[in-house]
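Architecture and fold: a report
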Amino acid sequence: MVLKGSWLQTNKAAPKRHISWHISALYSPTMTWGQIAVLFLEKKDSPGGLHDFYNHYLGLPFTREATTVTITDVEKVRDASPEYLLYDPKAQWTLPKIPEFILMAVDVQQDGFWWAHRGLCLDESTFLLDYGQASTWKDLEYLRERVYHHPSGKKIPVYRALIDCGYMARRMSGVYDFCLSSGGYFMPCQGRSVTHGLYHPIRETQFEHRGYLIEGVQLRDDLYKEQLYIRKIKERAGASWFLPRNICEKYKRQLCDEKLVPRKTERGTEVMEWKDNNNNHLGDVEKYLLAAIDLMIPIIRDIRGEEEGPVQVEDDANGPQVLEELDQETGTTTSPVARDPFAHAF
């Protein structure tokens, strides 16, 4: 069929001096449609996976549509989750599975912190265990030291935590000092974009502070928002992402604060971008938790004796050359770090 095909002009309004085309992998003589279907299934639930599949295998632009998450959407996720409640050490354990790891994420604000714990199970499902506000660095350390007790006697500590160190974070240097003092349990996390040279969903990096290199991560903000609000909440796709029955209205509202809306560029083209009303703190926390989970997936699959999945983690040593110098605004450097950023402190 491919050999008998012929190319047809589809954009007759294109400038004559500009010739362009797309070549889909569907026409490839070396890749079968079955292999392409497997690639689609592997990529569709990973951050940026569909974008990559459309661009590099179908030869097509990936177009996002305007999206608004509603309280009803969040409640549908809650209602579709196994029935359980937020963790209460004084109450009966209601979680239907035993998490292999407990992960923590923190959003830093001028007047305090928002935080959450999620349990990651061997089948890659995740359960929101607890969340809330904290006032001081000491509060965060206390929350990180929490141990979850299963009725079987198993004790599950918080394995690691990602903490916001973005430009708007309260006392950025204070975040770095806190991460240093935690002995590596808290890792600075920074949202970036393609304009900053970040092309993969997530990059393991190091932040320079007071002569020290702090291991941390940078994540593609747009891809993880898409993963949270569209894939996990709107579509309820991919590995199971669960919510307890007793989440409060504040949690629901904060996961509805961001919207994907169109914007006209100076060239007159339309692009989609995320907008919020500065009440998306727990949304940011859940976004950071998705990044922490992605970093843990190779470890989970290693425990199961399986190969790593399609999540693309960029190592700084192979990153864009423009990022090989110290970024004076963010204090980041591109020194290489280990593949498992959580293993160095053990």
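Residues numbered from 1 in each chain as written. Predicted model: local features only at pLDDT ≥ 70, side-chain atom pairs only at ≥ 80, totals over all residues. Heavy atoms only, no water.

Glancing now at the side chain of D284. Relative to the helices and strands, D284 is located in helix α8 (residues 281–303). Judged by relative accessible area, which is 11%, D284 ranks as buried. Apart from residues no more than four positions distant in its own chain, D284 is found in contact with D107, Y229 and E258. (Helix = DSSP H or I, 4+ residues; strand = E, 2+ residues; numbered from the N terminus. Buried < 20%, exposed > 50% of the residue type's maximum accessible area, 1.4 Å probe, protein only. Contact = heavy atoms within 4.5 Å.)

Turning next to the packing of aromatic side chains. The description of an aromatic ring pair uses the distance of the two centres, along with the angle that the planes make with each other. In total, this model carries eleven aromatic pairs according to the counting rule given. With 6.1 Å between their ring centres and 75 degrees between their planes, Y87 and W93 make a pair best called edge-to-face. Here W93 falls in the buried class, since its relative accessible area comes to 16%. Of note, R144 hangs over the ring of Y185, and the distance from its end group to the ring centre comes to 3.9 Å. Over the aromatic face of Y185 sits the side chain of R160, whose NZ or CZ is 4.1 Å from the ring centroid. (Phe/Tyr/Trp six-rings, centres within 6.5 Å; stacked < 30°, edge-to-face > 60°. Lys NZ or Arg CZ within 6 Å of the ring centre and 35° of its normal.)

Let us now look at the pattern of salt bridges. According to the stated counting rule, one finds 18 salt bridges in the structure shown. Taking the shortest distance from any N to any O, the salt bridge between D73 and K234 comes out at 3.0 Å. Placement of D73 in helix α3 (residues 71–80) and of K234 in helix α6 (residues 221–234) is noted, with a sequence separation of 161 residues between them. For D73, a relative accessible area of 12% puts it in the buried group. (Salt bridge = Lys/Arg side-chain N within 4 Å of Asp/Glu carboxyl O.)

What the three strands build is an open sheet, ordered β1-β11-β12; its pairing is antiparallel. Either end of the sheet is taken by a strand with one partner, and the two such strands are β1 (67–68) and β12 (270–275). Contacting β1, β11 (259–264) and β12, α6 crosses the sheet at an angle of about 80 degrees to β12. (Pairing = 2+ DSSP bridges. Axes fitted to C-alpha atoms, helices over the stretch in contact; angles between N-to-C directions.)

Moving on to the packing of α6 against α8. For the pair α6 and α8, interaxial distance at closest approach is 10 Å and the crossing angle is 100 degrees. As judged from the angle between their axes, α6 and α8 are roughly perpendicular. On α8, the residues touching D221, Y224, K225, Q227, L228, Y229 and K232 of α6 are G283, D284, E286, K287, L290, A291 and D294. For the contact of α6 with α8, the per-class residue count stands at five nonpolar, two polar and seven charged. (Parallel < 35°, antiparallel > 145°, perpendicular 65-115°, else oblique. Nonpolar A, V, L, I, M, F, W, Y, C, P; charged D, E, K, R; others polar.)

Trans peptide bonds make up most of the peptide bonds, and negative phi angles are found at most residues other than glycine. Of note, E124 is a non-glycine position whose phi angle comes to about 75 degrees, a positive value. Tracing the backbone through its elements, the reader meets E124 in the loop between β3 (112–120) and β4 (126–134). What makes E124 buried here is its relative accessible area of 11%. You will see that N278, though not glycine, has its phi angle at about 60 degrees, which is positive. Inspection of the secondary structure puts N278 in the loop between β12 and α8. Judged by its relative accessible area of 64%, N278 falls in the exposed class.

For the rest of this paragraph, the subject is α6. In α6, a bend of some 25 degrees at Q227 exceeds every other bend along the element. Counting buried residues along α6, eleven of its 14 residues qualify, which places the element largely inside the surrounding structure. Turning to α6, its buried residues number three or more, namely L223, Y224, K225, E226, Q227, L228, Y229, I230, R231, K232 and I233. (Bend = angle between axes of the 7 residues up to and from the residue.)

Within β3, nine of the nine residues are buried, leaving the element largely enclosed by the surrounding structure. Note: strand β2 (residues 101–109) against β3, nine bridges, orientation antiparallel. Directly across from V106, in β3, lies its bridge partner W115. Hairpin connection, β2 to β3: the antiparallel pair is bridged by two residues. Judged from the eight bridges that link them, β3 and β4 form a sheet pairing that is antiparallel. Counterpart to H117 in the pairing with β4 is D130.

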